[in-house]
Amino acid sequence: MLVMRRLKHTSNVLVLPCLCSVLANTVHNTNKVYRHHEQASYCHRHFNEFARSPFTNLNMPAIVSVILDGLSQQANSLSTLTGTVLVQAQDPAKLSLEMENAIDECRYNDALKLLEQHMQMEGFPRKSVVNKLLTSFAESLDVRLLDRAFGLVEQAIEESKHNLLGKEPLIYLSLCLAKSGLPVPASTVLRKLIEMEEYPPVAAWSAILGNMSSTGPGAYLASELILEIGYLFQDGRVDPRKKSNAPLIAMRPNTIAVNIALAGCLLFGTTRKAEMLLDMMPRIGVKVNTSLLITMAYIYESNGRREELMKLQRHIDEAPNLSDNQFRQYYNSVIMCHLKFGDLDSASKMVLKMLGKAKEARNSLATASLVFPMDNMSSTVLVSEESLNHRKLDDVQNDRSNHMISFEEFLMDRKFLKLETEAKELLDTFLERLQVQVELVTTEHGILLPTEKIYINLIKSFLEAGKIKELTALLIKVEREDSPTSNDESALVQVINSCISLGWLDQAHDILDEMRLAGVRTCSAVYISLLKAYCTANQPGGIASLLRDARRAGVQLDSSCYETLIESRVLQQDTRGALQLFKEMKDAQLLRGGHLEFEKLVKGCAEGGESGLMSKLLCEIKEGQTLDCGVHDWNNVIHFFSKKRLMQDAEKALKKMRSLGHVPNAQTFHSMVTGYAAVGGKYVEVTELWGEMKSLASVTAMKFDQELLDSLLYSFVRGGYFVRANEVVDMMEKEKMFIDKYKYRMLFLKYHRTLYKGKTPSFQTEAQFKRREAALNFKKWLGLN
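Every value quoted in this text rests on a predicted model; they were computed, and no experiment measured them.

1. A word on the overall build of the protein
A count of helical and extended segments in the protein gives 39 helices and two strands. By residue count, 45% of the 785 residues in the protein fall in the buried class. A sequence separation of at least 24 residues applies to 70% of the contacts in the protein between residues at least 6 apart. Accessible surface computed for the protein: about 41,500 Å², of which carbon and sulfur atoms make up 53%.

Now the structure itself:
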């Protein structure tokens, strides 16, 4: 037993020094990274002394185990720290200084690395460094750096560190994001500023809106921002007499900001959203100027609001300093609206009125030129001004993309006068783009004149309505005003030829009759062409009637026409009639070639060789769709009731509209859905409309547009109908339509924040399961998981 104890004691004495030596070497090697040699040697010496002490007869395995555990934990923690390069050894203040130096030297990659290190150590740097990062990244206009700056803002807001973000740096970041074609983050920064009650002045955010509105999604977001900001000021909610409200009052939308949003809506086709802005304007006190009047006219015409458009007439007449282009734009909108409603009489009167005034002006000009000889200076000036406008448009676009003020200049401009000037220039650019859409009216020496396009639209509408007498009367009056629309043939002749080409032979014959009754002589080529068309169509009644009319009018047929008529009689086995026609042709001693000029004209138009009235009319009739004018009337009625929240009357109007055979379109349903949303709680009715829309779309040409689907999505999210909401989202994403996720994220958090947050119930019906899954999928789509 004694021997065994000695052996155990000896083994403990031998093992412990070796073990301690290994452990000391491990500590020494680990601490060598941090250059702590003295601590390692001290540790080694301490363990050797301990091994030789009387305490070695203690339970050494247990002691060694405890020591090993402690040292292994220390070694593991040290090994993980060696992965990051001296993070704990760095001073945060030194990191911030290095970060600022990297920014000053434009070493943005180094600044990003230092920022990551600082975020790992102590989180966000101090406020001055954060704002310097934001403004420097923004000023670079580099998309990657802009995205990182935006991410930094979002992270700071999520971690409730709003105090680190300065108002001016955020406005500048939003401006740079908008200039770089990133409207979604630009609008998000503006929205965050308003949530933080750091209200940006309208002079600043109107320029941001202008830069955003150069794209479809940006223009849509611009209108949403105007509506959100304008809501704060509706019906006198903000008292301007309180000094504390001064920053908020400075943010109120002005004429320039609203006009920018309206012009963007017009350029990208979201005109119903634009009309919502028009309804809001008087409630927030926006003043109307001349350019805004013209923009309003465009919107009313696009949405078919003829009464509102005509009410603008008085303001247009009283407006000071209206340019020729602005007059042209307004009257173009008026005529377009008349044509939409099928009011051909009003449109014709406007055309004749323009021609009458133009004739008076030409006579006055001719008289003045006898006294004061004039050259072609006026027309040259008009062309040069137009070319200058186009150059100006290109210059503004290039300046917007290439020029960016520095943050120092931005800070020095306390009243944001440079941004206000930029907003005005962008607005002028948008308005110039709208001028290109004017097709029905032109100007000459300041006098309004109808274009060839208006004649084509009028003729097409008259023919579709079967109003041959009115069409003929109009064209006769037009020709008497000595303003021919074509150099080759008169408008009436080209209309008749167009009808013949389309196979509308009876309409062509009716026009010829009306011309003959009005005492207007027609060339023989028209009768010849129509007779040949009747022969080709094998219509003997039409042939006989037209032959009588031709003889009454003293029209001499050519040889080709006689040959066609003879061939037709032969096919009908009318030998006697054929011989009689042959005798007439022989007695008249007709030669071939009398019809060559007419055939040349028709062939040239058919091949597109000449862009005359006939070829354009043919294209318009073949490619254009017939308008159902009654739809616009009923849409106005439904819109009126929906706007007044008289939804029962709107439902009755919709029912009557269907019973009369008019098919509702996207505008009809949009009025109904927005009306139900204004009343509130009508989600079942909206769901029924959604089912009707899908049924209509499957059997008709009705198309879902962005504004209609967005209004549906708003109602479904507000009411918690997430199965339907997901259907709308799928349709919008399939059609690649823009969706304002920020708006729906806020809407969800406002009304459904606690929805389905608990555990899944142990028992639920299939319907409950579907509703829960739909809500969770929608929440996931919003990024709220």
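2. A few points about the UniProt feature "repeat: PPR" (unreviewed entry) in the protein
Sites flagged by UniProt as "repeat: PPR" (unreviewed entry) map to residues 630-664. The distance separating the terminal C-alpha atoms of residues 630-664 is 10 Å; by composition the span is 77% helix and 0% strand.

3. So, the layout of surface pockets
The calculated volume of the largest pocket comes to roughly 2,100 Å³. Leu227, Tyr231, Gln234, Met276 and Tyr714 are the residues nearest the centre of the largest pocket, which is lined by 46 residues in total. Taken together, the elements giving at least two residues each to the lining of the largest pocket come down to helix 9 (183-195), helix 11 (216-231), helix 14 (271-284), helix 32 (629-643), helix 34 (666-679), helix 36 (706-719) and helix 38 (741-751). Tallying contributions element by element places helix 14 first for the lining of the largest pocket, with nine residues.

4. So, the packing of aromatic side chains
Scanning the model with the defined rule gives 14 aromatic pairs in all. The interplanar angle of 65° and the centroid separation of 5.2 Å between the aromatic rings of Tyr172 and Phe407 together place this pair among those described as edge-to-face. With Tyr172 in helix 8 (residues 167-179) and Phe407 in helix 20 (residues 407-412), this residue pair connects regions lying 235 residues apart in the sequence. Summarising the burial analysis for this pair, Tyr172 and Phe407 share the class buried. Site record: aromatic cluster; members linked through ring pairs are Tyr172, Phe407, Phe410 and Phe416. Against the face of Tyr231 rests Arg237, its NZ or CZ located 4.0 Å from the ring centre. The lysine or arginine in question, Arg306, covers the ring of Phe341, its NZ or CZ lying 4.7 Å from the ring centre.

5. A look at helix 7 (residues 143-158)
In a regular helix each residue adds 1.5 Å, so 16 residues correspond to 22 Å; helix 7 covers 22 Å between its end C-alpha atoms and thus fits that length. When helix 7 is considered as a whole, its buried residues turn out to be Leu145, Leu146, Ala149, Phe150, Leu152, Val153, Ala156 and Ile157. Take helix 7 and look down its axis: the buried residues cluster within an arc of 150°, on one side only. Residues Asp147 and Glu158 are exposed on helix 7 and point more than 90 degrees away from its buried face. If you follow the buried residues of helix 7, they end up packed against helix 5 (108-121), helix 6 (127-140), helix 8 and helix 9.

6. Looking at the pairing of strand 1 (residues 441-444)
Regular strands show a simple pattern: their side chains alternate between the two faces of the sheet. Relative to strand 2 (residues 447-450), strand 1 runs antiparallel, the two sharing four bridges. The partner of Val441 across the bridge, within strand 2, is Pro450.

7. A short note on the environment of Tyr455
Along the chain, Tyr455 falls in helix 22 (residues 452-465). Residue Tyr455 is classed as buried on the basis of its relative accessible area of 5%. Expressed as a C-alpha distance, the spacing of Tyr455 and Val478, which sit 23 residues apart in the sequence, is 9.9 Å.

8. Section: the side chain of Ser711
The topology assignment puts Ser711 in helix 36. The exposure class assigned to Ser711 is buried, which follows from its relative accessible area of 10%. Sequence-distant contacts of Ser711, that is, excluding residues within four places in its chain, are made with His670, Val673 and Thr674.

9. Comments concerning the packing of helix 11 against helix 13 (residues 255-267)
Where helix 11 meets helix 13, the closest approach of the two axes is 8 Å, and the angle between their N-to-C directions is 140°. Considering their axes alone, helix 11 and helix 13 lie oblique with respect to each other. Handedness of the helix 11/helix 13 crossing: left-handed. Here Ala219, Ala222, Ser223 and Ile226 of helix 11 lie close against helix 13, whose contacting residues are Ala257, Val258, Ala261, Gly264 and Cys265. Grouping the amino acids of the contact of helix 11 with helix 13 by side-chain chemistry returns seven nonpolar, two polar and no charged.

10. Structural notes on the environment of Glu224
In this structure, Glu224 sits in helix 11. In the structure, Glu224 is positioned 49 residues away from Lys273 in sequence and 8.4 Å away in space, judged by C-alpha atoms. The residues touching Glu224, leaving out its near neighbours within four places in the chain, are Arg191, Lys273, Asp710, Asp740 and Lys743.

11. Observations concerning helix 21 (residues 417-435)
Compared with the 27 Å implied by 1.5 Å per residue over 19 residues, the 27 Å span of helix 21 between its first and last C-alpha is a close match. Taken as a whole, helix 21 has its buried residues at Leu419, Glu422, Ala423, Leu426, Leu427, Thr429, Phe430, Leu431, Glu432 and Leu434.

12. Remarks on a negative patch on the surface
On the surface, Asp147, Glu154, Glu158 and Glu159 cluster together into a negatively charged patch. Relative to the assigned elements, Asp147 resides in helix 7.

About the thresholds
- Residues numbered from 1 in each chain as written.
- Predicted model: local features only at pLDDT ≥ 70, side-chain atom pairs only at ≥ 80, totals over all residues.
- Heavy atoms only, no water.
- Helix = DSSP H or I, 4+ residues; strand = E, 2+ residues; numbered from the N terminus.
- Buried < 20%, exposed > 50% of the residue type's maximum accessible area, 1.4 Å probe, protein only.
- Contact = heavy atoms within 4.5 Å.
- Areas by Shrake-Rupley, 256 points an atom, 1.4 Å probe, with all protein chains shown as cover.
- UniProt positions renumbered as here; feature names shortened; annotations may be inferred.
- 1 Å grid on protein atoms, 1.4 Å probe; cavity = no way out; pocket = protein on both sides within 12 Å on 5 of 7 lines; lining within 4 Å.
- Points joined across faces, edges and corners; volume = space filled by probe spheres on them.
- Phe/Tyr/Trp six-rings, centres within 6.5 Å; stacked < 30°, edge-to-face > 60°.
- Lys NZ or Arg CZ within 6 Å of the ring centre and 35° of its normal.
- Expected span 1.5 Å × (residues − 1).
- Arc of directions from axis to C-beta.
- Pairing = 2+ DSSP bridges.
- Axes fitted to C-alpha atoms, helices over the stretch in contact; angles between N-to-C directions.
- Parallel < 35°, antiparallel > 145°, perpendicular 65-115°, else oblique.
- Left-handed = near helix turned anticlockwise from the far one by under 90°.
- Nonpolar A, V, L, I, M, F, W, Y, C, P; charged D, E, K, R; others polar.
- Patch = residues over 30% accessible without salt bridge, like charges linked within 9 Å, V, L, I, M, F, W, Y side chains within 5 Å.
- Salt bridge = Lys/Arg side-chain N within 4 Å of Asp/Glu carboxyl O.
- Lys, Arg positive; Asp, Glu negative; His and termini not counted.
- Charge placed at Lys NZ, Arg CZ, Asp CG, Glu CD.

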